[in-house]
There are 2 protein chains.
Amino acid sequence: MPAPDRTSLEEIIAAGRTVVESAGLDGLTMQAVADRVGVRAPSLYKRVRNRGALVALVAEATVRDLAARLDSAAPSDGDARRGLVGLARELRAFAHECPVAFGLVFAPGGGGVSQGVLAAASAPVLRVATALVGESDALPAARTITAWANGFVTMELAGAFRLGGDVDRAFEYGVERLAEALANSVNEH
Amino acid sequence: MPAPDRTSLEEIIAAGRTVVESAGLDGLTMQAVADRVGVRAPSLYKRVRNRGALVALVAEATVRDLAARLDSAAPSDGDARRGLVGLARELRAFAHECPVAFGLVFAPGGGGVSQGVLAAASAPVLRVATALVGESDALPAARTITAWANGFVTMELAGAFRLGGDVDRAFEYGVERLAEALANSVNEH
DNA sequence: ACCTGAACACCGTTCAAGT
DNA sequence: ACCTGAACACCGTTCAAGT
């Protein structure tokens, strides 16, 4: 006698994302997710290998959303420098919307986001970087941008910038400096 | 009848740092630390409030060490641009030596490093930033440097750069661009 | 005054038994 | 073929009792 499905993998992941934002990473328990989905904890193991896999799935879904957001934030035409600023602001806004899940992506051991999804999120950045510095330096340029943006937001969310000064201004200062440095680097060798 | 101390807070923190690097954050259990220190798990609560506090102490000790390393890596005299490159390389080398503890510092929720220690680690960066861009922009400049360096190393340790390309080159490219951007920003307004 | 064994709550995970 | 209750291992934490 078949038993009807009372939930789905997508529902579980969505529940995981909600739970993790409201209760933190430690609050992301199998029971909390099961409760939210209307099922008993052992049932989750029919769709997810274990808690670690669930955490990875939450991180992956978050990166997938980020990729879509970045993609629509950077039109392929238009000024490359403005494109860079737009991407950076979009990343920051996204991180503020789901700070816990965002912090999970590059967390020590917790990550495990698949190569493909990470590449998708990098694509818009790589596009802007190519427009700014050309093909040959596009990869290191994209990594410079990504590293700065991720680092800034991570530190901001961790409260590392609470010691005074205008954080918004520091962010704008950073993108501006970065955009200029990359744009100018083309004229050298 | 007094009972002789069989361990100390310093020993516990040192054990925590060793355990976390070899067993990961999940492996940093009260039992593992107690075993390494030669005591039973409940005894740890005489010196540490709970596991979260121990994690925070490990992070704090790590930042304290980093501060010392950065301080000796950046002589206050000499070329500011070379100083910046030296600081960045030192941070990266340090992170590679204790990747798990380093990743803990700005981890979501796990951090909790005290303001003073964080300020001490920032001081050398602030010094170089001041030399590069002057007093008025020193803080945002320092934050730009720190964000980039932290972000780069974090992504590197998380394996986000495994998709090809020369990571060392990307690092050197990043510092170079950053140093130039900051140095040149003085001539504008 | 610190250390210990015993105990409890909570969580991840497995599995036999239901439908 | 998924769902459940029961069960187990493991971990964090408390506490009364030792020395």
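Residues numbered from 1 in each chain as written. Chains lettered and ligands numbered in written order. Predicted model: local features only at pLDDT ≥ 70, side-chain atom pairs only at ≥ 80, totals over all residues. Heavy atoms only, no water.

Before we go on, may I ask you to explain the relation of the copies chain B and chain A in this structure?
In this structure, two copies of a chain are linked by a rotation about an axis accompanied by a shift along it. Its rotation angle being 180 degrees, the transformation that places chain B on chain A also includes 0.0 Å of axial translation and leaves an RMSD of 0.0 Å. Accordingly, the operation relating the two chain copies is best matched by a two-fold axis. Interface overlap between copies: 100% of the residues of chain B at the interface are likewise at the interface in chain A, consistent with a symmetric, same-surface contact. (Least-squares fit on C-alpha atoms with pLDDT ≥ 70 in both. Contact = heavy atoms within 4.5 Å.)

Teacher, can you tell me more about the interface of chain B and chain A here?
Buried accessible area, meaning the area lost when the parts come together, often serves as the stated size of an interface. At the interface, 40 residues of chain B touch 40 residues of chain A. Joining chain B to chain A, the criterion identifies 2 salt bridges. One salt bridge in this structure joins Asp137 of chain A and Arg169 of chain B, with 2.7 Å as the shortest N-O distance. Linking chain B with chain A are 6 residue pairs in polar contact (both at pLDDT 80 or more). Going through the elements one at a time, helix 6 (115-133), helix 7 (138-158) and helix 8 (167-185) of chain B are the ones with two or more residues in the side of chain B that touches chain A. Per-element accounting of the side of chain B that touches chain A gives the leading share, 14 residues, to helix 7 of chain B. Per-class residue counts for the side of chain B that touches chain A are 21 nonpolar, 12 polar and 7 charged. (Salt bridge = Lys/Arg side-chain N within 4 Å of Asp/Glu carboxyl O. Polar contact = N/O pair within 3.5 Å; in protein donor to acceptor, adjacent residues only side chain to side chain. Helix = DSSP H or I, 4+ residues; strand = E, 2+ residues; numbered from the N terminus. Nonpolar A, V, L, I, M, F, W, Y, C, P; charged D, E, K, R; others polar.)

Where do I start with the protein's contact with DNA strand D in this structure?
As a structural note, the neighbourhood of DNA strand D is formed by 20 residues, with Arg6 and Ser43 of chain A together with Met30, Tyr45 and Arg51 of chain B the closest of them. Sugar and phosphate atoms form 65% of the subset of DNA strand D atoms that lie within 4 Å of the protein. A distance of 3.0 Å is found between a phosphate oxygen of DNA strand D and a side-chain nitrogen or oxygen belonging to Ser43 of chain A. The contact in question runs from a phosphate oxygen of DNA strand D to an N or O atom on the side chain of Arg47 of chain A, over 3.3 Å. (Near = heavy atom within 4 Å.)

So what exactly am I meant to see when it comes to the packing of helix 4 (residues 80-97) of chain B against helix 7 of chain B here?
Helix packing geometry: the angle between the two helix axes and the distance between the axes. Residue and element names in this part refer to chain B. In contact at an axis separation of 10 Å, helix 4 and helix 7 are set at 30 degrees when each is read in the N-to-C sense. As judged from the angle between their axes, helix 4 and helix 7 are roughly parallel. Judged by the sense of rotation from one axis to the other, the crossing of helix 4 with helix 7 is right-handed. Only Ile145, Trp148, Ala149, Asn150, Phe152, Val153, Glu156 and Leu157 of helix 7 make contact with helix 4, whose side of the interface consists of Leu84, Ala88, Leu91, Arg92, Ala95 and His96. Here the contact of helix 4 with helix 7 is built from residues that sort into 10 nonpolar, 2 polar and 2 charged. (Axes fitted to C-alpha atoms, helices over the stretch in contact; angles between N-to-C directions. Parallel < 35°, antiparallel > 145°, perpendicular 65-115°, else oblique. Left-handed = near helix turned anticlockwise from the far one by under 90°.)

Explain the protein's contact with DNA strand C here, please?
In the vicinity of DNA strand C lie 19 residues, with Met30, Tyr45 and Arg51 of chain A together with Arg6 and Ser43 of chain B positioned nearest. Among atoms of DNA strand C positioned within 4 Å of the protein, sugar and phosphate together represent 67%. Within the backbone of Arg6 of chain B, an N or O atom sits 2.9 Å from a phosphate oxygen of DNA strand C.

Is there a simple way to explain the pattern of salt bridges in this structure?
Residue and element names in this part refer to chain A. Using the criterion set out here, one finds 24 salt bridges over all chains in the structure. Taking the shortest distance from any N to any O, the salt bridge between Glu60 and Arg64 comes out at 3.5 Å. Residue Glu60 and its partner Arg64 are both found in helix 3 (residues 51-73); the two are separated by 4 residues, about one turn of the helix. When its relative accessible area of 16% is taken as the criterion, Glu60 is described as buried. The network of salt bridges with common partners includes Arg69, Glu90 and Glu97. (Buried < 20%, exposed > 50% of the residue type's maximum accessible area, 1.4 Å probe, protein only.)

What's the story with the domain arrangement of chain A in this structure? I'm lost.
All names here are of chain A. Domain annotation for chain A reports domain 1 (1-48) and domain 2 (61-188). The C-alpha centroid of domain 2 is placed 31 Å from the C-alpha centroid of domain 1. The interface of domain 1 with domain 2 comprises 6 residues on the first partner and 8 residues on the second. Summed over both partners, the interface of domain 1 with domain 2 comes to about 540 Å²; 59% of that surface belongs to carbon and sulfur atoms. (Domains from an automatic or database assignment. Buried area = accessible area lost by both parts, 1.4 Å probe.)

Help me out: how do you make sense of the packing of aromatic side chains in this one?
Note on aromatic pairs: each is described by the distance of the centres and the angle between the planes. Using the criterion set out here, one finds 8 aromatic pairs over all chains in the structure. When the ring of Phe152 of chain A is compared with that of Phe161 of chain A, the centres are 5.0 Å apart and the planes differ by 55 degrees; the resulting orientation is tilted. With a centroid separation of 5.9 Å and 45 degrees between ring planes, the pair formed by Trp148 of chain B and Phe152 of chain B is classed as tilted. Placement of the pair is Trp148 of chain B and Phe152 of chain B together in helix 7, with a separation of 4 residues, close to one helical turn. For Phe152 of chain B, a relative accessible area of 1% gives the class buried. Linked through ring pairs, Trp148, Phe152, Phe161 and Phe171 of chain A together constitute an aromatic cluster. Directly above the aromatic system of Tyr173 of chain B lies the positively charged group of Arg177 of chain B, at a separation of 4.6 Å from the ring centroid. (Phe/Tyr/Trp six-rings, centres within 6.5 Å; stacked < 30°, edge-to-face > 60°. Lys NZ or Arg CZ within 6 Å of the ring centre and 35° of its normal.)

In this structure, what is going on with the packing of helix 7 (residues 138-157) of chain A against helix 8 (residues 167-185) of chain A? I would like to understand it.
Residue and element names in this part refer to chain A. Where helix 7 meets helix 8, the axes come as close as 11 Å, and the angle between the chain directions of the two elements is 175 degrees. With respect to their mutual orientation, helix 7 and helix 8 come out roughly antiparallel. Facing Ala141, Thr144, Ile145, Trp148, Phe152 and Glu156 of helix 7, the residues of helix 8 in contact are Val167, Ala170, Phe171, Gly174, Val175, Leu178 and Leu182. In the contact of helix 7 with helix 8, the residues fall into 10 nonpolar, 2 polar and 1 charged.

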